[in-house]
Amino acid sequence: MDQADLELNPPRDRLNLVFCILVLHGIGALMPWNMFITAKNYFVSYKLSKDYTGIDTNYATNFLSYLGFASQIPNLFFNWLNIFLQLGGNLTTRIVWSIFVLVLVFVFTVVLAMTDSSGWPGVFFWVTMISVVILNTANGIYQNSVFGMAAKLPSKYTGAVILGSNISGTITAVINFLAQIMSPNARTAAIYYFITALFILLACFDTYFALPINRFYRYHELLYQKEMKKRQLENSSRGNHRPPYWTVFKGCFPQCFNTFLIFFVTLALFPAVQSDIQSSDINFIITSEHYSSVMCFLTFNITAMLGSSLASLVQWPSKKYLIIPVILRLAYIPLFLLCNYQPARTERILPVYIDNDWIFWIVAITMGFSSGYLSSLSMMYCPRMVDSQYASTAGMFGAASLITGIFTGILFSMVMPSVVATVTF
């Protein structure tokens, strides 16, 4: 009777409740990466510093490099593996268990922050790296499954997950900026960061169980399941029980490529290059002390969030022509390098051609806005490129392409200093 009523009276998403829940899951999916990156000073300048440990080690110097690989390699691997193997069961089981593991790791990280580790910096470093690997293994499955869940709903709900991912970065950037202004203490700030992430993940855990009792979500889940059963009957008559992964991938490949290239360009520049661009004007309204926080982290995350928000209202260009602005974004790479980019431990040999802080800010704003807007469009278009019964699988391919773009962008950012400067270790 309930199913018949849902079909006769298709419900609306009242108060945009489902949309807000998916925004929250977008925040939670990117929170682990944002929190560990933001807590750089806690790890490098406090826990692994010579002042705290009493010995001089390379752990602090190599921390970010190790963190990047420990985070992105398992995230990348399990995002792709999650498409072909149902790790842990259906979407519900995968999401619930992934969040549970994320919560446990963050509880462990908070306890570790409160523990005196000055006598065992090596153990602290490697225990942290192991926890990051576990964290991002679970997060890879969680993030991929969330996009698969959102793909069952109208396209704007995939955009909600991307919007949440950008809000996650904004929240982290604001917390970081406020900590610098008020009373910067690396240890206390890190504890607050990790506890904030913990509460957000617990909220994701709770709200996920609210979805099955929401009529709007149940209606679209019912439509999806009916379409799946119909196709399963057709496939069973043909002796085919698995989704045609290659067919689905070919269908959604244009948007997977768009997603990959958007995030490749973005992560090649943010935060590695953008955070090392220095002010060219001593009288600029942003002081040198807060220049990186405002011109890099706040600017990018806020504009990316605004771009994602706009994509829920306006979808232009169409699926066919989205590739044009996506390829044009490659121009941001030389543009950023022509600004006053001063990599650490190097001597710049390439002349600075963009030495106006206002011009750099405009370039940074358009880069962040286009990243949020175009990535939302490509992820929203991705499930539409295939038959509706394969929308969830296409959404997972899109999520895996997103992570692949992030990973390769981070790798490419490592060669940027050698483009403009000579290393002077």
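The structure this text deals with has already been given above.
Rules used in this analysis
- Residues numbered from 1 in each chain as written.
- Predicted model: local features only at pLDDT ≥ 70, side-chain atom pairs only at ≥ 80, totals over all residues.
- Heavy atoms only, no water.
- Helix = DSSP H or I, 4+ residues; strand = E, 2+ residues; numbered from the N terminus.
- Rg over C-alpha atoms; globule rule 2.2 N^0.38 Å.
- Contact = heavy atoms within 4.5 Å.
- Areas by Shrake-Rupley, 256 points an atom, 1.4 Å probe, with all protein chains shown as cover.
- Lys, Arg positive; Asp, Glu negative; His and termini not counted.
- Charge placed at Lys NZ, Arg CZ, Asp CG, Glu CD.
- Patch = residues over 30% accessible without salt bridge, like charges linked within 9 Å, V, L, I, M, F, W, Y side chains within 5 Å.
- Salt bridge = Lys/Arg side-chain N within 4 Å of Asp/Glu carboxyl O.
- Phe/Tyr/Trp six-rings, centres within 6.5 Å; stacked < 30°, edge-to-face > 60°.
- Buried < 20%, exposed > 50% of the residue type's maximum accessible area, 1.4 Å probe, protein only.
- 1 Å grid on protein atoms, 1.4 Å probe; cavity = no way out; pocket = protein on both sides within 12 Å on 5 of 7 lines; lining within 4 Å.
- Points joined across faces, edges and corners; volume = space filled by probe spheres on them.
- Polar contact = N/O pair within 3.5 Å; in protein donor to acceptor, adjacent residues only side chain to side chain.
- Axes fitted to C-alpha atoms, helices over the stretch in contact; angles between N-to-C directions.
- Parallel < 35°, antiparallel > 145°, perpendicular 65-115°, else oblique.
- Left-handed = near helix turned anticlockwise from the far one by under 90°.
- Nonpolar A, V, L, I, M, F, W, Y, C, P; charged D, E, K, R; others polar.
- Core = buried A, V, L, I, M, F, W, Y, C linked by side-chain atoms within 4.5 Å.

Undergrad: Sorry, what's going on with the overall build of the protein chain here?
TA: A count of helices and strands for the protein chain gives 17 helices and 2 strands. Over its C-alpha atoms the protein chain spans a radius of gyration of 22 Å, differing by no more than 12% from the 22 Å that the globule rule assigns to 425 residues. Counting only C-alpha atoms and orienting by the principal axes, one finds that the protein chain spans roughly 70 × 50 × 40 Å. For the protein chain, the share of sequence-separated contacts (at least 6 apart) that also reach a separation of at least 24 residues comes to 87%. Split by element, the accessible area of the protein chain, about 19100 Å² in all, is 66% carbon and sulfur. If the 24 positive side-chain charges of the protein chain are averaged to one point and the 18 negative ones to another, these points end up 12 Å apart.

Undergrad: I tried to follow a nonpolar patch on the surface on my own but got confused; where do I start?
TA: Where nonpolar side chains cluster on the molecular surface, the patch consists of Phe 69, Ile 73, Leu 411, Phe 412, Met 414, Val 415 and Val 419 and spans about 560 Å² of accessible area. Elements that contribute at least two residues to the nonpolar patch include exactly helix 5 (63–84) and helix 16 (391–413). Looking at where Phe 412 falls in the secondary structure, it is placed in helix 16.

Undergrad: Honestly, the packing of aromatic side chains in this entry has me stumped. Any pointers?
TA: Geometry of an aromatic ring pair is reported as the spacing of the ring centres plus the angle between the planes. Here the structure, examined in full by the defined rule, presents 38 aromatic pairs. Summarising the aromatic geometry, the rings of Phe 36 and Phe 194 are spaced 5.4 Å apart at their centres and angled 45° between planes, so their arrangement reads as tilted. On the criterion of sequence distance, the pair formed by Phe 36 in helix 2 (residues 17–38) and Phe 194 in helix 9 (residues 186–208) is long-range, its members being 158 residues apart. Residue classification places Phe 36 among the buried positions, given a relative accessible area of 2%. With relative accessibility at 0%, the residue Phe 194 sits in the buried group. With a centroid separation of 6.1 Å and an interplanar angle of 75°, the aromatic rings of Phe 284 and Trp 361 are classed as edge-to-face. Here Phe 284, found in the loop between helix 11 (245–269) and helix 12 (291–311), pairs with Trp 361, found in helix 15 (residues 357–381); they are 77 residues apart in sequence, far enough to count as distant. With respect to class, Phe 284 is no different from Trp 361; both count as buried. Linked through ring pairs, Phe 36, Tyr 42, Phe 43, Tyr 46, Tyr 52, Phe 106, Phe 124 and Phe 194 together constitute an aromatic cluster.

Undergrad: What should I look at first to understand empty space enclosed by the protein in this one?
TA: Once rolled over the atoms, a probe with the size of a water molecule shows which space is left empty. Following the criterion strictly, the structure yields 2 cavities of 30 Å³ or more and no others. Of the voids in this model, the largest cavity is the one considered here, and its volume is about 40 Å³. Those elements that place two or more of their residues in the lining of the largest cavity are helix 5 and helix 16. Looking at the lining of the largest cavity element by element, the count peaks at 4 residues for helix 5. Of the voids in this model, the second largest cavity is the one considered here, and its volume is about 30 Å³. Forming the walls of the second largest cavity are Tyr 42, Phe 43, Thr 109, Leu 112, Phe 124, Thr 128 and Ser 131.

Undergrad: Just to check I follow, could you spell out the pattern of salt bridges for this structure?
TA: Pairing is possible between side chains that carry opposite charge, provided their charged atoms lie close to one another. Going through the model one piece at a time under the given rule, you end up with 1 salt bridge. The residue Lys 152 makes a salt bridge to Glu 221 at a minimum N-O spacing of 3.4 Å. Placement of the pair is Lys 152 in the loop between helix 7 (121–150) and helix 8 (156–181) and Glu 221 in helix 10 (residues 215–237), with a sequence separation of 69 residues. Like Glu 221, Lys 152 is buried.

Undergrad: Which parts of the structure should I look at to understand unusual backbone geometry?
TA: What you tend to see is this: most non-glycine residues have negative phi, and most peptide bonds are trans. The omega angle of the peptide bond from Phe 270 to Pro 271 is 0°, so this bond is cis rather than trans. Here Pro 271 shows up in the loop between helix 11 and helix 12. Pro 317 follows Trp 316 through a cis peptide bond whose omega is 5°. Considering the arrangement of structural elements, one finds Pro 317 in the loop between helix 12 and helix 13 (323–328).

Undergrad: Mind showing me how you'd approach the side chain of Ser 375 here?
TA: Note on placement: Ser 375 falls in helix 15. A distance of 3.2 Å separates a polar side-chain atom of Ser 375 from the backbone oxygen of Gly 372. Apart from the residues lying within four places of it in its own chain, the contact partners of Ser 375 are Ile 162, Ile 262, Phe 263 and Ser 370.

Undergrad: Please explain the packing of helix 6 (residues 91–114) against helix 9 as it appears in this structure.
TA: Helices that pack against each other are described as a pair by the angle of their axes relative to one another and the distance between those axes. Helix 9 packs onto helix 6 with a crossing angle of 160° between their chain directions and a minimal axis gap of 9 Å. In terms of their interaxial angle, helix 6 and helix 9 are classed as roughly antiparallel. Crossing of helix 6 over helix 9 shows left-handed handedness.

Undergrad: Looking at this structure, how should I read the packing of helix 2 against helix 5?
TA: Where helix 2 contacts helix 5, the axes come no closer than 11 Å and their chain directions differ by 175°. Taken together, the axis directions place helix 2 and helix 5 in an arrangement best described as roughly antiparallel. Residues Trp 33, Phe 36 and Ile 37 of helix 2 pack against Leu 64, Leu 67, Gly 68, Ser 71 and Gln 72 of helix 5. Of the residues belonging to the contact of helix 2 with helix 5, the class tally is 5 nonpolar, 3 polar and no charged.

Undergrad: In this structure, what is going on with the nonpolar core? I would like to understand it.
TA: In a soluble, globular protein the nonpolar side chains are often hidden away together inside. Core analysis: the biggest nonpolar cluster contains 128 residues, and Leu 22, Phe 106, Met 149, Phe 194, Leu 269 and Phe 336 have the highest contact counts within it. Ranked by residues supplied to this core, first place goes to helix 11 with 13 residues. With sequence-adjacent residues up to four places away left out, Phe 336 is seen in contact with Leu 269, Val 273, Gln 274, Ile 277, Tyr 341, Phe 360, Val 363, Ala 364 and Met 367.

Undergrad: Help me understand the side chain of Ser 155, please; the structure alone is not making it clear to me.
TA: Tracing the sequence through the fold places Ser 155 in the loop between helix 7 and helix 8. Under the relative-accessibility criterion, Ser 155 is labelled buried at 18%. Reaching out from Ser 155, the side chain makes a polar contact with the side chain of Arg 384 at a distance of 2.5 Å.

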